[in-house]
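Given next are the chains, with one letter for each unit.
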Amino acid sequence: MRHYPAIENRKIRIAIVGCGRIAKNHFASIAQYPDDFELVAVCDNNKQALESAKTEYKVTGYLTLTELLKNEKLDVVSLCTPSGIHPEQTAEVAAAGVNVISEKPMATRWKDGVDMVKACDKAGVRLFVVKQNRRNTTLQLLKRAMEEGRFGRIYMVNLNVFWTRPQEYYDAAKWRGTWELDGGAFMNQASHYVDLIDWLIGPVEKIQAMTGTLARDIEVEDTGVLNIKWRNGAMGSMNVTMLTYPKNYEGSITILGEKGTVRVGGVAVNEIQHWEFEDAKDYDKDIQQANYETTSVYGFGHPLYYKNVIDVMRGGCEPETCGREGLKSLEVLIAAYLSARDGNTVSLPLEY
């Protein structure tokens, strides 16, 4: 087991790289732990976004990551940049001896994701991959039921992500909707739902996929379907589109098992809509309390994710989602794209 030095008796010095849409969740999460985090600096190659962040958070700003790493003494850097440049930025941060938090997806190519893990291993630093939806109250209950074996054998699983992203969303930044930097509906918008495929149900045996760009002027898919067979014998499907009229409609997972049936739905798996098992547990009464209203598909998991980062860097536990854990959903994504491209069934693992 690799040894990582714990940070004790002082605040964890952190910088945010990329001050766009998702960065607000990171800034807000850091602010919730003033005794543990010191926000040292921000970085963005967009001067307007950089100035706005500098002013709001009263920290030093840098136009390049190289300049940031050269001038600041940091413990961790959080990458909120386009997914396709996470690998090169991770390698640069790791080489500077600084721990990395990567937003999802960790990379847009399988080899790039593997290289990120190797770079952090070589440098002896941590790689955290953000999977904040795992911390949502509804999914925590579902995970508990799964780990306790309440479903018995899993027979069928269905995931739906019926959201909308107008053309203006993609036009707002040149990198959006590109293969190299963004990925499509599966890799970007539905990434956290792809994560549930392995995290909840287990390793995947094979995948069949079809994707299409039906309405948006982008390189990647705005719509797609997956057929999935897990190694445990379960079968299922995933349906994703960013074309739902007129707004985000549903983010859901339904699990049918030998001894249980559950559906978690709402706009972003925020409502347990059906919860029925052969056995009864004391926490079944908490189901309605676990449901929550949300105006954001991001949920409320970012602060809890950052709490795990604190605990890990204080030496108290291991990461909930390290780089290797992040590779699991990336592997499923790449298998889906290979299947859709070549029109065949792709078996996992991708490498032996």
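Residues numbered from 1 in each chain as written. Predicted model: local features only at pLDDT ≥ 70, side-chain atom pairs only at ≥ 80, totals over all residues. Heavy atoms only, no water.

Can you help me understand the packing of aromatic side chains in this one?
The description of an aromatic ring pair rests on the distance of the ring centres and on the angle between the ring planes. Tallied over the entire structure, the rule returns seven aromatic pairs. Arranged with centres 5.7 Å apart and planes meeting at 80°, the rings of Phe-37 and Tyr-306 form a pair that is edge-to-face. Of this pair, Phe-37 sits in strand S2 (residues 37-43) while Tyr-306 sits in helix H10 (residues 302-313); the two residues are 269 residues apart in sequence, bridging distant segments of the chain. Residues Phe-37 and Tyr-306 agree in their burial class; the two are buried. Taking the centre distance of 4.9 Å and the plane angle of 75° together, the rings of Phe-151 and Phe-277 count as edge-to-face. (Phe/Tyr/Trp six-rings, centres within 6.5 Å; stacked < 30°, edge-to-face > 60°. Helix = DSSP H or I, 4+ residues; strand = E, 2+ residues; numbered from the N terminus. Buried < 20%, exposed > 50% of the residue type's maximum accessible area, 1.4 Å probe, protein only.)

What's the story with the layout of surface pockets in this structure? I'm lost.
Leftover empty space is mapped by rolling, across the atoms, a probe with the size of a water molecule. As a volume, the largest pocket reaches approximately 970 Å³. As for the largest pocket, its lining consists of 39 residues, of which Gly-20, Cys-80, Thr-81, Pro-82 and Trp-175 are closest to the centre. Looking at the lining of the largest pocket, the elements with two or more residues in it are helix H4 (86-95) and helix H8 (191-201). Broken down by element, the lining of the largest pocket gets its largest block of residues, three residues, from H4. Classifying every residue of the lining of the largest pocket gives 19 nonpolar, twelve polar and eight charged. Residue lining of the second largest pocket: 25 residues in total, with Tyr-4, Pro-5, Ile-7, Asn-99 and Met-313 positioned closest to the centre. Considering only residue class, the lining of the second largest pocket consists of eleven nonpolar, six polar and eight charged. (1 Å grid on protein atoms, 1.4 Å probe; cavity = no way out; pocket = protein on both sides within 12 Å on 5 of 7 lines; lining within 4 Å. Points joined across faces, edges and corners; volume = space filled by probe spheres on them. Nonpolar A, V, L, I, M, F, W, Y, C, P; charged D, E, K, R; others polar.)

It is not clear to me how the sheet that holds S2 should be interpreted in this structure. Could you clarify?
In any sheet, the strands associate via hydrogen bonds between backbone groups, in a parallel or an antiparallel arrangement. One open sheet holds the six strands; their spatial order is S3-S2-S1-S4-S5-S6, and the pairing between them is parallel. Both edges of this open sheet fall to strand S3 (60-62) and strand S6 (127-129), since each of them pairs with a single strand only. The average angle at which neighbouring strand axes cross in this sheet is 25°, direction not considered. (Pairing = 2+ DSSP bridges. Axes fitted to C-alpha atoms, helices over the stretch in contact; angles between N-to-C directions.)

In this structure, what is going on with helix H1 (residues 23-31)? I would like to understand it.
Note that an α-helix has 3.6 residues per turn; residues three or four places apart therefore point the same way. Those residues of H1 lying buried are Ala-23, Asn-25, His-26, Phe-27, Ser-29 and Ile-30. Packed against the buried residues of H1 are strand S1 (12-17), S2, helix H2 (47-57), strand S4 (76-79) and H10. (Contact = heavy atoms within 4.5 Å.)

Help me understand the pattern of salt bridges in this model?
Pairing is possible between side chains of opposite charge, provided their charged atoms come close. In the structure shown here, the tally under the stated rule is 20 salt bridges. A salt bridge links Arg-150 to Asp-279; the shortest N-O distance between them is 3.1 Å. Placement of the pair is Arg-150 in the loop between helix H6 (137-147) and strand S7 (154-162) and Asp-279 in the loop between strand S13 (271-277) and helix H9 (287-290), with a sequence separation of 129 residues. According to the relative accessible area criterion, Arg-150 is buried, its value standing at 3%. Residue classification places Asp-279 among the partly exposed residues on the basis of a relative accessible area of 32%. Asp-342 is paired through a salt bridge with Arg-341; the nearest N and O atoms lie 2.8 Å apart. Given the relative accessible area of 42%, Asp-342 is considered partly exposed. Residues participating in the shared-partner salt-bridge network are Arg-134, Asp-195, Glu-325 and Lys-328. (Salt bridge = Lys/Arg side-chain N within 4 Å of Asp/Glu carboxyl O.)

I tried to follow the packing of H6 against H8 on my own but got confused; where do I start?
A packed helix pair is summarised by two numbers, namely the angle formed by the two axes and the spacing between the axes. The interhelical angle for the contact between H6 and H8, taken along N-to-C directions, is 35°, at an axis separation of 10 Å. Residue-level inspection shows Leu-139, Gln-140, Leu-142, Lys-143 and Met-146 of H6 in contact with H8, the latter providing Leu-196, Trp-199, Leu-200 and Ile-201.

Please clarify how the sheet that holds strand S14 (residues 346-347) should be interpreted in this entry.
Across the sheet, eight strands lie side by side as S13-S12-S11-S7-S10-S9-S8-S14; this open sheet has mixed pairing. In this open sheet, the two edge strands, each paired with only one partner strand, are S13 and S14. Both strand S9 (residues 223-230) and strand S10 (residues 235-241) contribute to a ladder of seven bridges, which runs antiparallel. The residue bridging Asn-227 from the neighbouring strand is Ser-237, located in S10. Strand contacts of helix H11 (residues 323-342): strand S8 (204-212), S9 and S14, with the helix running at about 55° to S8, the strand carrying the most contacts.

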